[in-house]
Each structure stands twice: as structure tokens, then as C-alpha cells.
Amino acid sequence: MTIEKLELFEVFIRSKRGLDHKHVGSLHAEDHEQALEYARDVYTRRSEGVSIWVIRSEDICASQEDDSESFFDPSDDKPYRHATYYPLPKEIDNM
Amino acid sequence: MANSDLTEAELEAAFQEKIDSEQKIEPKDWMPEGYRKNLIRQMSQHAHSEVIGMQPEGNWITRAPSLRRKAVLLAKVQDEAGHGLYLYSATETLGISRAEMIEALQTGAAKYASIFNYPTQTWGDMGAIGWLVDGAAICNQVSLQRTSYGPYARGMIRICKEESFHQRQGYQIMIELALGTPEQKQMAQDSLNRFYWPSLMMFGPHDSDSAHSAKSMKWKIKRETNDDLRQKFIDQTAPQIKFLGLEHPDKDLKWNAERGHHDSGEINWDEFYSVINGNGHCNRQRIQHHVKAHEEGAWVRAAMLAYKEKKKKQYQVD
């Protein structure tokens, strides 16, 4: 099988216990197991992580840039969702 | 070495060592059954509280005094639903299903914060709840950002960030009422009187009477004790009550310079246990409403399933 035929996998690494897995990049592999091994070789050569997730790129469903207006704009006119919208009296230093 | 080569005692020692050195426990790690059970109990109870907590405030959405107030209250209730979702999902990483948790709530096997069994009688209660109830919850949740279970800790960080507006919008309602007409000020006082003590009860029994505390502290599920967190809340609330010009509901409250904290009166623990055990004003109503909403949503879940089946068939044909 040629390299072009291999599937694309996305790689996520947890740098430290307690932190989220973060997307670090992608690679080609035959299957999940191989993707995990490659990810270790390619993305954690300097002890960058304590845990790796790999997932087939085609299994990721992503929002489209073209949708972003209808997706995200409705939040723009709701400043009352932020604490800073409510001024605190001087006498109360924090809350 | 694979986990299977180690004895239970060795596994537990390694687990405790991780906890002692402030490392987080993650879903696929080995953990003692007791730790898993304790977390499921606490986290699902937390999730249920977020969801049941929508009811007392939902009660005032249609009667908010202005459109702006209505939008704010809606946004807050919407946040609570979201927080319930974060917490249910985090709990599911421990191997329990959403359906099992919902059933435990509806049959009474699982509890939720008993503060939500108090009725919301006036608009002032929206102020008191945001300020005091969310305030007490935030005290607890800030502490839980350092809990030992990774998904719970990360959920708490997200929730605390979103929740900061809840307390402030509540306090703003209180300020407006307290500085308003004598009737409005009276409304604020009445809400404060009714919600102050139940807010203190939210921290749970005294440390000496708390069934789960010692183990929870050893496993760092809890990072501060019930009484320490309650003291924090009492101390931070005292000047806020003073600024409103309202009478403090605790007549025994006194600054103790030696301790650097307020001394306070005793909580009515009979009321606490009575409400927890089902005899609050709204216990039955809260669960009945939850069951009703769940059953009325059945057709939506059925429709989603049918749609999924239809799509699957189409896919097979194509």
C-alpha cells in the first residue's frame, strides 16, 4: 500500500495529568494502533506528554467557517453573560 | 508492568501516592472502588443540583420586572442547564450511564442540594438566590477546582469562569431593592432572612458529623472541609449585608479578632435533615416536575432515534 492510501489521523497530547488533551498535529497510519505508535515517535520525542489520543480525521465533524456568523454572532449582543457587566460598589472589593 | 501483575494493595498504594503528590487521577487510571463510588455520588449530586436548580428561578422568568431582567435570568438558567451537562458527562467517565443517574434522581436514591426545595415567593428571592445560593456554590466550586479527579477539576474550572456573573447579578437585584422604596427594602430583607440560613446549610453537616468527609479529604476529592468553607462564606457575606443596610439574620454574628473570623450562631440542623429527608416545601414538586419534563421529552428522543435509523438506511442504499 502506498503512503497516499494510508488514512489521516489527528493527534492529541496530554502534557501533564490534570490538563486537557491538546491537538498537536496529524499523521498517516494504517490503523489506530499504528497511529498511536507513530504519534509517540513523532510528537513525544522530548517527553511532551503523559497520554496520547488519536482519532481518524474523517471522524471529526467540524463547524464551517461560512457558518460562523449564524453560529457565534448571537453571543455578541449578550454582554450580561459577563461578570464585568455588573459594577460592584467600591465598598465591596471583590465577589 | 501491567496493572494485572500488581496486587490490590500495591495498586492502591500507587494510587494514593499519585494523590499525595498532587497528581490528578484520569478516567483510564486504576482507582479503588470506594473512590469511584464516592465520586459518582458527589458528582451526580452536583449535576442534579444544577438541573433541579433551574426550577426555582424558572418560576420567575415570565414575571421578571423588565425585559433586561428577563434576559439576564434566562441566561443564568441556561447556564445551569449547561453546567448540569458538563457534570453529567464528567460523571459518565466513571462508568455510569446518564439514564442510571436520572433514574437515581427520580426515585430519590440520589440527592440534590436541598436549598432548591425552598419556594421562590418574590422577585427579591431572585436576588437572594444569585447572591447567596450561587455565592455559596462558588465557594465550594472554587475549592473543587483542585479536586483530585481530572475531569471533575476541569469541569469546575469551566463552571467557575461562567458562574461569576450569577452572583453579581443577584447582588445587583439586592442593591436595587435595598436602596429602593421602603416596601422594596422590606422585600430584600425578607428574601435575605429566608435564604441566609439555608445557604449556610449548603456546605453540609459539621465536619464532626459528616459521613463522607474523612475519606473524601484523604482522596482529595474534597480539598477543604464543610466548616472551613462555610466560615469563608460567612466572612465574605457579612460586609455585603452591611453595605445593603439590611439587618443580619444571625443575631449572634460577631467579629472575633483573635481568630480573624466571625463567630456565628448555630444552624437549625433539624430543619436541614428534615428538608434533606423529603419534607421541604417543594421536594415532591421538584421531582414531579422533573419526571413530567422527562416524559414530555420522550417523543423528541424517539424522533431523533427514528431519524438516525432513516439516515442509516439511506446510507446503505447509496
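Not measured: the values here are computed from a predicted model. (Residues numbered from 1 in each chain as written. Chains lettered and ligands numbered in written order. Predicted model: local features only at pLDDT ≥ 70, side-chain atom pairs only at ≥ 80, totals over all residues. Heavy atoms only, no water.)

## Let's talk about the packing of helix 6 (residues 124–144) of chain B against helix 8 (residues 182–201) of chain B
Residues and elements named next belong to chain B. Two elements in contact, helix 6 and helix 8, have axes separated by 9 Å at closest approach and are oriented at 30°. Classified by the angle their axes make, helix 6 and helix 8 are roughly parallel. At the point where helix 6 passes helix 8, the crossing takes the right-handed sense. For the pair helix 6 and helix 8, contact is made by G124, D125, A128, I129, W131, L132, V133 and A136 and by M187, S191, L192, R194, F195, Y196 and S199, respectively. Across the contact of helix 6 with helix 8, the residue classes tally to ten nonpolar, three polar and two charged. (Axes fitted to C-alpha atoms, helices over the stretch in contact; angles between N-to-C directions. Helix = DSSP H or I, 4+ residues; strand = E, 2+ residues; numbered from the N terminus. Parallel < 35°, antiparallel > 145°, perpendicular 65-115°, else oblique. Left-handed = near helix turned anticlockwise from the far one by under 90°. Contact = heavy atoms within 4.5 Å. Nonpolar A, V, L, I, M, F, W, Y, C, P; charged D, E, K, R; others polar.)

## As for the side chain of Q141(B)
All names here are of chain B. Counting through the fold element by element, Q141 comes out in helix 6. Take Q141: its relative accessible area is 2%, and that puts it in the buried class. Every residue in contact with Q141, bar those within four places of it in the chain, is listed here: H46, E50, M156, I159, C160 and E163. (Buried < 20%, exposed > 50% of the residue type's maximum accessible area, 1.4 Å probe, protein only.)

## So, the interface of chain B and chain A
With 24 residues of chain B at the contact, the number on the chain A side is 19 residues. Taken together, the two surfaces of chain B and chain A that pack against each other cover about 1900 Å², and 61% of this comes from carbon and sulfur. When the area that chain B buries against chain A is broken down by residue, the three leading residues are R154(B), F165(B) and R168(B), summing to 31%. Applying the counting rule to chain B against chain A returns three salt bridges. (Buried area = accessible area lost by both parts, 1.4 Å probe. Salt bridge = Lys/Arg side-chain N within 4 Å of Asp/Glu carboxyl O.)

## Structural notes on the pattern of salt bridges
All chains considered together, the criterion is met by 23 salt bridges over all chains. Of the charged contacts in the structure, one is a salt bridge between R194(B) and D125(B), with a shortest N-O distance of 2.8 Å. Remark: D125(B) occurs in helix 6 and R194(B) occurs in helix 8; sequence separation between them is 69 residues. Among the residues examined, D125(B) registers a relative accessible area of 0% and is labelled buried. When salt bridges with common partners are traced through the structure, they connect R14(A), D20(A), E26(B) and R154(B) into a single cluster.

## A closer look at the packing of aromatic side chains
Residue and element names in this part refer to chain B. Inspection of every chain in the model, using the stated rule, returns 13 aromatic pairs over all chains. An angle of 85° between the planes, with centres 5.7 Å apart, marks the rings of Y35 and W219 as edge-to-face. One end of the pair, Y35, is in helix 2 (residues 33–52); the other, W219, is in the loop between helix 9 (213–218) and helix 10 (226–244), and 184 residues separate them in sequence. In this pair, the class of Y35 matches that of W219, namely buried. Plain terms: the ring middles of W60 and W123 are 6.4 Å apart, the flat faces sit at 65° to each other, and that makes the pair edge-to-face. In this pair, W60 sits in the loop between helix 3 (54–58) and helix 4 (67–92) while W123 sits in the loop between helix 5 (98–107) and helix 6, placing the two residues 63 residues apart along the sequence. (Phe/Tyr/Trp six-rings, centres within 6.5 Å; stacked < 30°, edge-to-face > 60°.)

## Re a negative patch on the surface
Residues and elements named next belong to chain A. Taken together, the side chains of E30, D31, E33 and E37 define an acidic patch exposed on the protein surface. Among the secondary structure elements, E37 is positioned in helix 1 (residues 32–43). Residue classification places E37 among the partly exposed residues on the basis of a relative accessible area of 43%. (Patch = residues over 30% accessible without salt bridge, like charges linked within 9 Å, V, L, I, M, F, W, Y side chains within 5 Å. Areas by Shrake-Rupley, 256 points an atom, 1.4 Å probe, with all protein chains shown as cover. Lys, Arg positive; Asp, Glu negative; His and termini not counted. Charge placed at Lys NZ, Arg CZ, Asp CG, Glu CD.)

## Let's talk about the confidence of the model for chain B
All names here are of chain B. For chain B, the average pLDDT comes to 95, and 98% of its residues sit at 70 or higher. Confidence, read as mean pLDDT per element, is least for helix 9 in chain B (87) and greatest for helix 8 (98). Across the interfaces of the predicted complex, the ipTM metric reaches 0.83, alongside a pTM of 0.91. (pLDDT = per-residue confidence, 0-100.)

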